[in-house]
Amino acid sequence: MRGWHGAAAPPGRDTSVRTLETTMAGKPKLHYFNGRGRMESIRWLLAAAGVEFEEKFIETPEDWDKLRSDGHLMFQQVPMVEIDGMKMVQTRAILNYIATKYNLYGKDIKERALIDMYTEGIADLSEMIIVLPLCPPDQKEAKIALIKERTTDRYLPVFEKVLKSHGQDYLVGNRLSKADIHLVELLYYVEEIDPSLLANFPLLKVISLTAIRREGSHLPPQDLTFGLKPHNCLFSIPFCPPELAARG
Ligand SMILES: N[C@@H](CCC(=O)N[C@@H](CS)C(=O)NCC(=O)O)C(=O)O
């Protein structure tokens, strides 16, 4: 099991309430493989909100069978997060719950609509990247080429333009939202694939990273993972259920 001690809360958030809640309800417990995959954005969001969490990794076929036979996985899938007395599944539902709870989801429905649109675009590109480890070797090069093309021609220009258009540090409403956090996570992946992909996006490179860092200014300057150790290699998953591996 991996524990993580959350970063200090961003300014303006009431940490005493969260500390009390955490004590009463227990830390959220994350059930997933020991890899980034679909759980990583949940880890980032909790970390950015300053919430401590625990992880229970699925490390063997027996762990996987047990979790499924326990009946806690609504669709027989992970991520699953135990939080506030619920056993939540479906990544987006989990992210939306955390973002709402920790005030990272805009101030009104229009901001929320924008955050959703940005988040869905980010999710589309992220999805292409996180399934790479499952890609057959003979298709990997073509998939990486497509990811690079979509990164520079479709997705990153949108966010660069948004930041340029309003001149603010954050994508929506001049304050941190889940969209910023998902974007920084994506940029982190993109840089791992090929740092030169960010070359033509100066605002994304500087402003988004600065925006997040400012929320956690106690963090070491290069630590973009909010204290999460990069033990997870993007391109390998230690244990992968056979049905997923077979899907390719
Ligand atoms: N829509 C779901 C998809 C979850 C999903 O595909 N999870 C994979 C692991 S990343 C899984 O559990 N696969 C096993 C299966 O589908 O049987 C979500 O976003 O949480």
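Residues numbered from 1 in each chain as written. Predicted model: local features only at pLDDT ≥ 70, side-chain atom pairs only at ≥ 80, totals over all residues. Heavy atoms only, no water.

- As annotated in an unreviewed UniProt entry, the chain is Glutathione S-transferase from Enhydra lutris kenyoni.
- In its Sequence similarities (unreviewed entry) section, the UniProt record describing the chain reads: "Belongs to the GST superfamily. Alpha family."
- You can read under Catalytic activity (unreviewed entry) in the UniProt record for the chain the words "RX + glutathione = an S-substituted glutathione + a halide anion + H(+)". (UniProt positions renumbered as here; feature names shortened; annotations may be inferred.)

Looking at helix α6 (residues 137-166)
Link 1 in the chain: The end-to-end C-alpha separation of α6 is 42 Å, in line with the 44 Å expected for 30 residues at 1.5 Å each.
Link 2 in the chain: Within α6 the residues assigned to the buried category are Ile147, Thr151, Tyr155, Leu156, Phe159, Glu160, Val162 and Leu163.
Link 3 in the chain: Backbone geometry just downstream of α6 places Gly167 in the positive-phi region, at approximately 65°. (Helix = DSSP H or I, 4+ residues; strand = E, 2+ residues; numbered from the N terminus. Expected span 1.5 Å × (residues − 1). Buried < 20%, exposed > 50% of the residue type's maximum accessible area, 1.4 Å probe, protein only.)

A word on the confidence of the model for the chain
When pLDDT is low, close inspection of the predicted coordinates is not appropriate.
Link 1 in the chain: Of all residues in the chain, 73% have pLDDT values of 70 or greater, and the mean over the chain is 79.
Link 2 in the chain: Considering only residues more than four positions removed or in separate chains, one finds that residues 1-23, a stretch of pLDDT under 50, has 50 contacts.
Link 3 in the chain: Of the regions scoring below 50 in pLDDT, residues 214-241 engages in 60 contacts with residues more than four places distant in sequence or in other chains. (pLDDT = per-residue confidence, 0-100. Contact = heavy atoms within 4.5 Å.)

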